[in-house]
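# Fold and contact review
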Amino acid sequence: VTGQKVWNSAAQLCDWGFLLVRTDPDAPKHRGITFVLVDMSTPGIEVRPLVQINGSAHFNEVFLDEVRIPVANVIGEINEGWTVARTVLANEAAFIGGSAKTLASTNLRTLAEAAGLTDDANVRQELADLITRERVVAWMGEQIQQAVRRGEMPPMDPGLIKLMTADNRVRSGNMAMQITGAGGMAGDSPETTWSQVELMMRFAVSIGGGTNEVLRNNVGERALGLPREPGYDKTQPWKDIPR
Ligand SMILES: Cc1cc2nc3c(=O)[nH]c(=O)nc-3n(C[C@H](O)[C@H](O)[C@H](O)COP(=O)(O)OP(=O)(O)OC[C@H]3O[C@@H](n4cnc5c(N)ncnc54)[C@H](O)[C@@H]3O)c2cc1C
């Protein structure tokens, strides 16, 4: 395999990765892809961490140069990797959507108390709104987990829980800034550090694991049965699609 991929979360720490590799350029775009597991210590793999605005290196750029991967590492059928990828993407959406361990509203409430804003009508209203949304997400996550434990399909499109979590992150980031004000960006206490990260990272969930726009398309088409978006000819060979 030869190629390059940016945005790989935690690749600098991982022993294994998975790749979607183009194995048949004559097949249409969503065919001719193979899903394969790769041992990250295989010769020819270079991982370059990318340092973000908050100083951490969450993602990497991964370069692959003539990397040899055993056929035994293929998951599913050769050229049918998109089917596997869709399952992985749905699982990722449920995982990202349901993975918040600390509720942002708890930290925001602490910030509001420290700033003496617990009687501010706007802060109270927005906090109550966020707490309600966090509870809804938690219940949705619980429903998905219970279904998976029973070996059933999730009772809702997992994209929905990720969309709601993405919206919550934007709200909590904006609220952190609203409460701490400009001083919050300069402080280095644990509370202001949390609010800085919450503000700077507020769009991460709206992009990672599929953007809000793409997830809304999926929900519209798969869950609601709406007509597909107009797009390119799905029978056109991948190699002939203009790039
Ligand atoms: C925190 C984070 C972690 C990530 N981790 C990983 C990782 O571990 N592995 C990995 O492979 N990637 C990872 N990514 C990358 C992420 O999956 C992609 O950035 C994301 O799916 C968007 O793809 P793109 O960057 O190619 O943007 P594009 O697809 O080019 O999108 C650009 C813009 O066009 C819009 N758009 C695109 N298509 C449509 C459409 N059909 N209809 C309407 N609007 C559309 C998008 O919504 C977006 O606003 C991560 C990203 C983030 C932010």
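Computed from a prediction, not measured in an experiment: that's the story for all the values here.

Turning our attention to the pattern of salt bridges. One pass over the full model with this rule turns up 14 salt bridges. In this structure, the salt-bridge partner of R133 is D129, at a minimum N-O distance of 3.3 Å. Of this pair, R133 and D129 both sit in helix α3 (residues 121-149), four residues apart, roughly one helical turn. When its relative accessible area of 22% is taken as the criterion, R133 is described as partly exposed. The shortest N-O distance in the salt bridge between D240 and K239 comes to 3.7 Å. Looking at K239, the relative accessible area reads 44%, which means it is partly exposed. Each member of the salt-bridge network shares a partner with another, and the members are D129, R133, D167 and R171.

Lining the immediate surroundings of the ligand are 15 residues, of which K5, W7, S9, T211 and E213 lie closest. K5 places a polar side-chain atom, nitrogen or oxygen, 3.0 Å from an oxygen atom of the ligand. S9 places a polar side-chain atom, nitrogen or oxygen, 2.7 Å from a nitrogen atom of the ligand. Protein chains bury 53% of the 970 Å² of accessible surface belonging to the ligand in isolation. Those elements giving two or more residues to the shell around the ligand turn out to be α6 (204-207) and α7 (212-223). Sort the elements by how many residues they give to the shell around the ligand and α7 lands first, with three residues. Counted by class, the shell around the ligand contains five nonpolar, seven polar and three charged residues. Each of two domains, domain 1 (3-79) and domain 2 (85-223), supplies a minimum of three residues to the shell around the ligand.

Within the span of helix α2 (residues 104-114), buried status applies to A104, S105, L108, L111 and A112. Buried positions in α2, seen along its axis, are confined to an arc of 115 degrees and lie on one side of it. The exposed set on the far side of α2, more than 90 degrees from its buried face, consists of R109 and A114. At its buried positions, α2 is contacted by α3, α4 (158-186) and α5 (190-200). Within two residues after α2, G116 carries a phi angle of roughly 65 degrees, on the positive side.

A separate point is the packing of α3 against α4. Look at α3 against α4: their axes get within 10 Å of each other, and the N-to-C directions meet at 155 degrees. The pairing of α3 with α4 is recorded here as roughly antiparallel in orientation. The chirality of how α3 crosses α4 is left-handed. Here the contact of α3 with α4 is built from residues that sort into 13 nonpolar, six polar and six charged.

Read from one edge of the open sheet, three strands run β1-β5-β4, paired in antiparallel fashion. Two strands lie at the open edges of the sheet, namely β1 (3-6) and β4 (45-50), each paired on one side alone. Adjacent strand axes in the sheet meet at a mean angle of 15 degrees when their direction is disregarded. As paired strands, β1 and strand β5 (residues 59-64) are joined by four bridges and run antiparallel to one another. The partner of G3 across the bridge, within β5, is L64.

Residues W16, F18, L37 and I75 make up a contiguous nonpolar surface patch of about 380 Å² in total accessible area. Along the chain, L37 falls in strand β3 (residues 33-39). For L37, a relative accessible area of 31% puts it in the partly exposed group.

About the thresholds
- Residues numbered from 1 in each chain as written.
- Predicted model: local features only at pLDDT ≥ 70, side-chain atom pairs only at ≥ 80, totals over all residues.
- Heavy atoms only, no water.
- Salt bridge = Lys/Arg side-chain N within 4 Å of Asp/Glu carboxyl O.
- Helix = DSSP H or I, 4+ residues; strand = E, 2+ residues; numbered from the N terminus.
- Buried < 20%, exposed > 50% of the residue type's maximum accessible area, 1.4 Å probe, protein only.
- Near = heavy atom within 4 Å.
- Polar contact = N/O pair within 3.5 Å; in protein donor to acceptor, adjacent residues only side chain to side chain.
- Areas by Shrake-Rupley, 256 points an atom, 1.4 Å probe, with all protein chains shown as cover.
- Nonpolar A, V, L, I, M, F, W, Y, C, P; charged D, E, K, R; others polar.
- Domains from an automatic or database assignment.
- Arc of directions from axis to C-beta.
- Contact = heavy atoms within 4.5 Å.
- Axes fitted to C-alpha atoms, helices over the stretch in contact; angles between N-to-C directions.
- Parallel < 35°, antiparallel > 145°, perpendicular 65-115°, else oblique.
- Left-handed = near helix turned anticlockwise from the far one by under 90°.
- Pairing = 2+ DSSP bridges.
- Patch = residues over 30% accessible without salt bridge, like charges linked within 9 Å, V, L, I, M, F, W, Y side chains within 5 Å.

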